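Understanding the architecture of this molecule
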Amino acid sequence: MSGPYAEVIGDPIAQSKSPVIHGFWLEQLGLEGRYDRAHVTADGLADYLAARRADPDWRGCNVTMPHKQAVIPLIDRLDPLAARIGAVNTIVPEDGALVGYNTDAPGFLEPLREELGKTHYFRMARVLGTGGAARAIITALADAGMVIVLAGRNGDKARALLDELDTGGEHHVAPLDHFADATDFAFDDREGCFDLVVNASSLGMSGQPPLVFDMSHAPPGSVFYDIVTSPLDTAFLKSARGLGFRTVDGLSMLIGQADHAFRRFFGAVPPRGEADVELRRRIAG
């Protein structure tokens, strides 16, 4: 099958929802092109990129686990944001060069844009997890002027991550289990503040251990955000919603990052807004 195409690469890759997202947008816009998935192992990464570099129909690829850092030495140039994050999730051929981007950071922020457009006295994010996804999330939140409390099993790793990604930032580290136990901390007046609680880990995902977070750690008015997409409505989000907190699910970030990648692959703006309702239905189906 010839014609312009993009794809997502990873190991494993069968679970990726990206082909549904990009395929839906191509269909809605009536654009020629397709979006595939390719199983690429660590050993096959260099050969894959060499082959695609020579293919005039290839418009680029999304990069998922475990290749987001491994691809960096194999491409020609890094977008400044991707360089700061130290991870690439989108590769695009530009004038014969392979350029690496990170659309996870703007994709993560997309559902928070309205809130972040307001003026606050203080902004704080409690981020749970120090894995690969946390790099883009920490960078995005620091750029949005948020003080970060990063919780991980390894405090030294958490501190090193904050120091690397936002040198000089006034951020804090906490052990992950600190948030598992109830607190009687009396939060001060949160009027004019923005508080965010993010699960940036795989905890709570199907087949993974649960995320244990006691809701007493959340200031009034907090927004809860879980990047897990399977299940989409996690126990973390259900608990928060049951107490009246606003929640954001993992599809929001997935669709948001795909939006930025789609523009680079196919040179078109994907249909959003009402179209997201149908897109979510297809992903769930």
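Here goes a summary of the coordinates provided. (Residues numbered from 1 in each chain as written. Predicted model: local features only at pLDDT ≥ 70, side-chain atom pairs only at ≥ 80, totals over all residues. Heavy atoms only, no water.)

Quick look at the pairing of strand β1 (residues 5-10) now. Burial of β1 is extensive: six of the six residues sit out of reach of the surface. Here β1 shows two buried faces, one formed by Y5, E7 and I9 and the other by A6, V8 and G10. Taken together, β1, helix α1 (residues 18-29) and strand β2 (residues 34-39) constitute a β-α-β crossover, and its handedness is right-handed. Relative to strand β3 (residues 58-63), β1 runs parallel, the two being bridged by five bridges. Residue pairing in the sheet places E7 in a bridge with C61 of β3. (Buried < 20%, exposed > 50% of the residue type's maximum accessible area, 1.4 Å probe, protein only. Helix = DSSP H or I, 4+ residues; strand = E, 2+ residues; numbered from the N terminus. Right-handed = clockwise from strand over helix to strand, strands pointing away. Pairing = 2+ DSSP bridges.)

Let us now look at unusual backbone geometry. The linkage connecting D11 with the following residue, P12, adopts the cis geometry, with an omega of 10 degrees. Assignment of secondary structure puts P12 in the loop between β1 and α1. Cis geometry marks the peptide bond from S230 to P231, where omega comes out at 0 degrees. Its identity is not glycine, yet D95 carries a phi of approximately 50 degrees, on the positive side.

Walk down a regular strand and you will see the side chains alternate between the two sheet faces. Across the five residues of strand β6 (residues 97-101), five count as buried, placing the element largely inside the fold. Side chains A97, V99 and Y101 of β6 all project onto a buried face; the interleaved residues L98 and G100 project onto the opposite face, where all are buried too. The pairing of strand β4 (residues 77-78) with β6 spans two bridges and is classified as parallel. Paired with R77 across the two strands is V99, which belongs to β6. As defined by bridge partners, strand β5 (residues 90-94) adjoins β6 across five bridges and the pair is classed as antiparallel. Looking at β6, one finds that P93 is bridged to L98. Linkage of β5 to β6, two consecutive antiparallel strands, is achieved through a turn of two residues, within which D95 is found at a positive phi near 50 degrees.

Spatial strand order, β2-β1-β3-β5-β6-β4: six strands in an open sheet with mixed pairing. Unpaired on one side and paired on the other, β2 and β4 mark the two borders of the sheet. Its contacts with the sheet put α1 on β1, β2 and β3, and the angle it makes with β2 is roughly 165 degrees. In the packing of helix α2 (residues 45-53) onto the sheet, the strands contacted are β1, β3, β5 and β6, and the crossing angle to β1 comes to about 175 degrees. (Contact = heavy atoms within 4.5 Å. Axes fitted to C-alpha atoms, helices over the stretch in contact; angles between N-to-C directions.)

Okay, the pattern of salt bridges next. One pass over the full model with this rule turns up 21 salt bridges. For the salt bridge of D249 with R280, the shortest nitrogen-to-oxygen distance reads 2.8 Å. With a gap of 31 residues between them, D249 in the loop between β12 (246-248) and α9 (250-266) and R280 in helix α10 (residues 274-284) connect regions that are remote in the sequence. Since its relative accessible area comes to 27%, R280 is described here as partly exposed. Here the residues in one salt-bridge network are E110, D259, R263, R272 and D276, joined through shared partners. (Salt bridge = Lys/Arg side-chain N within 4 Å of Asp/Glu carboxyl O.)

The next point concerns the sheet that holds strand β10 (residues 193-199). Each strand in a sheet pairs with its neighbour through backbone hydrogen bonds, running either in the same direction (parallel) or in the opposite one (antiparallel). Taken together, the six strands give an open sheet; going across it, the order is β9-β8-β7-β10-β11-β12, and neighbouring strands pair in parallel fashion. Every interior strand has two partners, whereas the edge strands, β9 (172-175) and β12, have only one. Averaged over all pairs of adjacent strands, the angle between strand axes in this sheet comes to 20 degrees, irrespective of strand direction. Lying over the sheet, helix α8 (residues 235-242) contacts β7 (122-128), β10, β11 (223-226) and β12, oriented at roughly 165 degrees with respect to β11.

Along the chain, T103 falls in the loop between β6 and α4 (104-109). Note on T103: relative accessible area 3%, which makes it buried. At 3.0 Å, the side chain of T103 forms a polar contact with the backbone oxygen of Q257. Residues contacting T103, with those up to four places away along its chain left out, are N89, T90, Q257, H260 and A261. (Polar contact = N/O pair within 3.5 Å; in protein donor to acceptor, adjacent residues only side chain to side chain.)

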